Amino acid sequence: MVQKTTELYRGKAKTVYNTTAENLLILHFRNDTSAFDGERIEQLDRKGMINNKFNYFIMQKLEAAGIPTQVEQLLSDDEVVVKKLDMIPVECVVRNYAAGSLVRRLGVTEGEHLTPATFELFLKNDALHDPMVNESLAVSFGWATEEQLATMKQLTLKANQVLLALFDAAGMLLVDFKLEFGIFNGAVVLGDEFSPDGCRLWDKETRKKLDKDRFRQGLGGVVEAYEEVAQRLGVNLD
Ligand code: C5P
């Protein structure tokens, strides 16, 4: 069993630790919940545990569908062992329905169905508020190669197909989500996390928000909603 050694990086909701194995890291999912590029942070009891187990469940589904992920093994309620990726600083966002920054940017109506699903790239940079970028910029600045970007897009759209069906069967609309990739032994591998912190999920019938928008918009019942999503999917939270 690998053991934590030194802290490598403290993110807004997770802390990354080096381990006794050179090519493995431990992710610790904290209860911190942040919005507006870290300007607002609150502690939400149980969130770290729920997101850790939820992320593990989703990553296993994606792995089974042929998407390579960093996940190795669940370590504890709020920790998971992952491969040490060389992270690509570009976020991939897919949208099936209009919401969030797309609505603000283009003035479209929230909830508009987007067919085909859209695919956007954002630079991971809090100080610049994660500006939208494109493939040309990513290649010219050396954030990723053309080939890596093509793989990231293909894997993200494949994940969308898998997850749309998974959430649909549990009575939810997968509105949008963000993925981050990294390089491991030269290959593009899915990193970071998939949890209600980084996607939008609405109840299929009522369109009730079941994701981090409850926190961003001060709607309350944040952890209760995350728990409901996990329970509907059959994630074991015990
Ligand atoms: O804010 P925006 O509408 O562009 O977000 C699209 C999706 O990506 C949402 O599900 C949001 O939670 C996620 N996202 C994220 N981390 C960011 C930016 C967006 O998880 N830094």
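Residues numbered from 1 in each chain as written. Predicted model: local features only at pLDDT ≥ 70, side-chain atom pairs only at ≥ 80, totals over all residues. Heavy atoms only, no water.

The name an unreviewed UniProt entry gives the protein chain is Phosphoribosylaminoimidazole-succinocarboxamide synthase, with Rheinheimera salexigens as the organism. Among the UniProt annotations of the protein chain, the heading Sequence similarities (unreviewed entry) holds the following wording: "Belongs to the SAICAR synthetase family." As recorded by UniProt, the Pathway (unreviewed entry) comment attached to the protein chain reads in full: "Purine metabolism; IMP biosynthesis via de novo pathway; 5-amino-1-(5-phospho-D-ribosyl)imidazole-4-carboxamide from 5-amino-1-(5-phospho-D-ribosyl)imidazole-4-carboxylate: step 1/2." (UniProt positions renumbered as here; feature names shortened; annotations may be inferred.)

### So, the pattern of salt bridges
Opposite charge on two side chains permits them to pair, given that their charged atoms come into close proximity. The final tally for this structure, using the stated rule, is 25 salt bridges. Close ionic contact of E91 with K124 constitutes a salt bridge, the shortest N to O distance being 3.9 Å. Of this pair, E91 sits in strand 8 (residues 86–97) while K124 sits in the loop between strand 9 (113–123) and strand 10 (132–133); the two residues are 33 residues apart in sequence, bridging distant segments of the chain. Using a relative accessible area of 9% as the deciding quantity, one classes E91 as buried. On the basis of relative accessible area, K124 is assigned to the partly exposed category, the value being 40%. One connected set of salt bridges, linked through shared partners, spans K14, E91, K124, K178, E180, D192 and E193. (Salt bridge = Lys/Arg side-chain N within 4 Å of Asp/Glu carboxyl O. Helix = DSSP H or I, 4+ residues; strand = E, 2+ residues; numbered from the N terminus. Buried < 20%, exposed > 50% of the residue type's maximum accessible area, 1.4 Å probe, protein only.)

### Comments concerning the site of the ligand
The immediate surroundings of the ligand are formed by 15 residues, with R95, S101, D130, D176 and R216 found nearest. For the ligand, an oxygen atom lies 2.8 Å from a polar atom in the side chain of R95. Take R216: an N or O atom from its side chain is 2.9 Å from an oxygen atom of the ligand. Taken together, the elements giving at least two residues each to the shell around the ligand come down to strand 8, helix 2 (100–106), strand 11 (172–184) and strand 13 (199–203). (Near = heavy atom within 4 Å. Polar contact = N/O pair within 3.5 Å; in protein donor to acceptor, adjacent residues only side chain to side chain.)

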